[in-house]
Amino acid sequence: LAIIGLRLYIGPGPTAVKSVPANFPTDIPVYDKDAIDNITIISGKYKNRGIEIAAFFPKVILSPLLVKMEQNQTTTSTDRWEGIWQVITAPVSDHRDTIQINWSNLDAEPSFVISYYRKELTKANFKIEVESEGNNVRQFSFTREDGTSGSLYVQGDETARPGTDFAILTVNLPQTQP
C-alpha cells in the first residue's frame, strides 16, 4: 500500500508519445515533424523523485524547529501544524515537466539546424544563453521570463557527409500552479 501511495505521489515515469503534445509551447518551432524519431514527456515529479524522497525525513525532523523559529509566541497550535505541513510538502527541487524531441539523420546541416532554432527562439523572446561548439557538436540553452527553458543539442560532421546525425530539443515547461 505504501508503494502504491509513493507511486501515485511521484507520478508516472517518462512517457513516449507519437506526436507533439498539446501543451508544447506553440511559439517554439518543431523542425521537420515527419523526421522525428521519438518524443518523450518526463513528469517534473518523476524527474526529482529521489531528491524528494531523500529530503522527506530531514524535513519531518527539522520542520518543527524551523516553524518555531519563524513564528512569534502568539501562534496557535493550528497555525503551527499548518506551518509544519507547508515545510514538509514544499518541493526542494525543480518540478517542471520536460518534453524531449529526438531526430536522427536529418537532411539539413547541423549549422542550419542551430541557426534556425537560434533565430526562431530569439523571435519568440527567448534569451540564448550558454552556447558551445566542439568536435562535431553544437549546442545552446535558452530561457524566457515566463519560466520556459530548454536546450538544443546537434551532432554531425558537415565536412565528412551532408546532414545531421542527430538532434535533441529539450523544453522545460513553466511550472503550473496547483
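Let us look at the structure shown here. (Residues numbered from 1 in each chain as written. Predicted model: local features only at pLDDT ≥ 70, side-chain atom pairs only at ≥ 80, totals over all residues. Heavy atoms only, no water.)

### Regarding the pattern of salt bridges
Here comes step 1: Considering all chains together, one arrives at seven salt bridges under this definition.
Here comes step 2: With a closest N to O distance of 2.4 Å, arginine 144 and aspartate 27 form a salt bridge. Highlighted residues: arginine 144 in the loop between strand E5 (137-143) and strand E6 (149-155) and aspartate 27 in the loop between strand E1 (15-17) and strand E2 (36-42), separated in sequence by 117 residues.
Here comes step 3: Of the residues examined, arginine 144 reaches a relative accessible area of 17% and is grouped as buried.
Here comes step 4: Ionic pairing is found between glutamate 120 and lysine 123, a salt bridge with its closest N-O pair at 3.2 Å. Placement of the pair is glutamate 120 and lysine 123 together in helix H5 (residues 110-123), with a separation of three residues, close to one helical turn.
Here comes step 5: Take lysine 123: its relative accessible area is 56%, and that puts it in the exposed class. (Salt bridge = Lys/Arg side-chain N within 4 Å of Asp/Glu carboxyl O. Helix = DSSP H or I, 4+ residues; strand = E, 2+ residues; numbered from the N terminus. Buried < 20%, exposed > 50% of the residue type's maximum accessible area, 1.4 Å probe, protein only.)

### Describing the sheet that holds E6
Here comes step 1: Pairing within the open sheet is antiparallel, and its seven strands lie in the order E1-E2-E3-E7-E6-E5-E4. Two strands in the sheet have a free side with no partner beyond their single neighbour: E1 and strand E4 (127-134). Across this sheet, the average inter-strand angle for adjacent strands is 15°, counted without regard to direction.
Here comes step 2: As judged from the seven bridges shared by E6 and strand E7 (residues 164-172), these two strands associate in the antiparallel manner. Residue valine 154 lies in a different strand from E7, and its bridge partner there is alanine 167.
Here comes step 3: Contacting strand E3 (98-106), E4, E5, E6 and E7, H5 crosses the sheet at an angle of about 10° to E5. (Pairing = 2+ DSSP bridges. Axes fitted to C-alpha atoms, helices over the stretch in contact; angles between N-to-C directions. Contact = heavy atoms within 4.5 Å.)

### Let's talk about the nonpolar core
Here comes step 1: Trp103, Tyr117, Phe142 and Leu169 are the most contacted members of the largest nonpolar core, which totals 26 residues.
Here comes step 2: Counting only elements with at least two residues in this core, the list comes to E2, E3, H5, E5, E6 and E7. (Core = buried A, V, L, I, M, F, W, Y, C linked by side-chain atoms within 4.5 Å.)

### Re the environment of glutamate 120
Here comes step 1: In this structure glutamate 120 comes out as buried when scored by relative accessible area, which is 19%.
Here comes step 2: Here lysine 123 takes part through its side chain, which lies 3.2 Å from a polar atom of the side chain of glutamate 120. (Polar contact = N/O pair within 3.5 Å; in protein donor to acceptor, adjacent residues only side chain to side chain.)

### Section: unusual backbone geometry
Here comes step 1: Unlike most non-glycine residues, asparagine 105 shows phi in positive territory, near 55°.
Here comes step 2: The residue asparagine 105 is located in strand E3 in this model.
Here comes step 3: You can call asparagine 105 exposed: its relative accessible area is 55%.
Here comes step 4: Here the phi dihedral of asparagine 125 falls at roughly 70°; this positive angle occurs in a residue that is not glycine.
Here comes step 5: Tracing the sequence through the fold places asparagine 125 in the loop between H5 and E4.

None of the figures reported here should be taken as evidence of function without further support.
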